Amino acid sequence: MIKRIPNDTLGIRDKAMFYVAFGAGGRRRSEVIQLKIEDIVERTERYCIVEIRGAKNQTHADEVLMVKIEGKAKRYLDDWLKVSGITAGVIFRQLKPRTHAIQDKGISGTQFYRIVKKRFIASGVEGAEHFTPHSFRSGFVTEQGKRNKNIYDGMAATGHKSRAQYEHYYQAGAAKNNSAT
């Protein structure tokens, strides 16, 4: 899907949003659209550490989740910050329709949903009509499982306190993809 997104300003923003949503622990839609430059607490060539605030977590409402963004997610985020010139405030912003001029206003949850649907459907990926912003979270957990990564590291990245809730996100998929057989 990423390969089908053009490298114009809009495409660079969307790639960065998608990679951050997936690569930073399967972030929720609200966490992605609320992410601010000020939430980046450490930045190196290889990675950055961001603070995720306001996570959907009633038990630990004041808790701040520290998440690492590295690899392609970091590269795409750096590309977006360079192209956009954003140095303060919300990272993922609205663009004017025809000119793609970057606005001061961040994108809404509904806009993020529509961008995800549009990009996946346009990509021609099998089952694209079923993808939503929540697919980044489920996809992250599923990929962690398929790669035999430590479940507790995965839970630390997503912010899950309960193993049962974390495992609820795992999508085993079709029989032809089942590595257990």
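Please refer to the structure placed before this passage.
(A) Representation of the side chain of Ser84 in the model. If you trace the backbone, Ser84 turns up in helix H3 (residues 71–84). Looking at Ser84, the relative accessible area reads 14%, which means it is buried. Among the polar contacts listed, one links the side chain of Ser84 to the backbone nitrogen of Ile86, at a separation of 3.2 Å.

(B) Representation of the pairing of strand S1 (residues 40–43). Direction of pairing for S1 relative to strand S2 (residues 47–52): antiparallel, over a ladder of 3 bridges. Within S2, the residue paired with Ile40 across the bridge is Val50. Where S1 folds back on S2, the antiparallel hairpin that results is connected by 3 residues.

(C) How the structure looks around the packing of helix H1 (residues 9–23) against helix H5 (residues 134–146). Contact geometry for H1 and H5: axes closest at 8 Å, N-to-C directions at 50°. Relative to H5, the element H1 is oriented oblique. In this structure, H1 crosses over H5, and the sense of that crossing is right-handed. Contacts between H1 and H5 involve Phe18, Ala21, Phe22 and Gly23 on the former and, on the latter, Phe136, Gly139, Phe140 and Glu143.

(D) Geometry of the nonpolar core. Residues Phe18, Trp80, Ile91, Phe92 and Phe112 are the most contacted members of the largest nonpolar core, which totals 37 residues. Elements supplying a minimum of two residues to this core: H1, helix H2 (29–34), S2, strand S3 (65–70), H3 and helix H4 (109–123). At 8 residues, the largest contribution of residues to this core is made by H1. What Phe112 contacts, discounting residues up to four positions off in sequence, is Met17, Phe18, Ala21, Arg29, Val32, Ile33, Ile107, Pro133 and Phe136. Counting 7 residues, the second largest nonpolar core, distinct from the first, contains Phe140, Val141, Ile151 and Ala157.

(E) Geometry of H5. An ideal rise of 1.5 Å per residue puts 18 Å on 13 residues; H5 measures up with 18 Å between its terminal C-alpha atoms. Those residues of H5 lying buried are Phe136, Arg137, Ser138, Phe140, Val141, Thr142 and Gln144. Summarising the contacts, the buried residues of H5 are in contact with H1, H4, helix H6 (151–158) and helix H7 (163–168). After H5 finishes, the residue Asn148 shows a positive phi value of roughly 55°.

(F) Main features of the packing of H5 against H6. At a closest axis distance of 10 Å, the pairing of H5 and H6 adopts a crossing angle of 165°. Classified by the angle between their axes, H5 and H6 sit roughly antiparallel to one another. H5 and H6 meet at a crossing whose hand is right-handed. Residues Arg137, Phe140, Val141 and Gln144 of H5 form the contact with H6, whose own contacting residues are Gly154, Ala157 and Thr158. Looking at the contact of H5 with H6, its residues break down into 3 nonpolar, 3 polar and 1 charged.

About the thresholds
- Residues numbered from 1 in each chain as written.
- Predicted model: local features only at pLDDT ≥ 70, side-chain atom pairs only at ≥ 80, totals over all residues.
- Heavy atoms only, no water.
- Helix = DSSP H or I, 4+ residues; strand = E, 2+ residues; numbered from the N terminus.
- Buried < 20%, exposed > 50% of the residue type's maximum accessible area, 1.4 Å probe, protein only.
- Polar contact = N/O pair within 3.5 Å; in protein donor to acceptor, adjacent residues only side chain to side chain.
- Pairing = 2+ DSSP bridges.
- Axes fitted to C-alpha atoms, helices over the stretch in contact; angles between N-to-C directions.
- Parallel < 35°, antiparallel > 145°, perpendicular 65-115°, else oblique.
- Left-handed = near helix turned anticlockwise from the far one by under 90°.
- Contact = heavy atoms within 4.5 Å.
- Core = buried A, V, L, I, M, F, W, Y, C linked by side-chain atoms within 4.5 Å.
- Expected span 1.5 Å × (residues − 1).
- Nonpolar A, V, L, I, M, F, W, Y, C, P; charged D, E, K, R; others polar.

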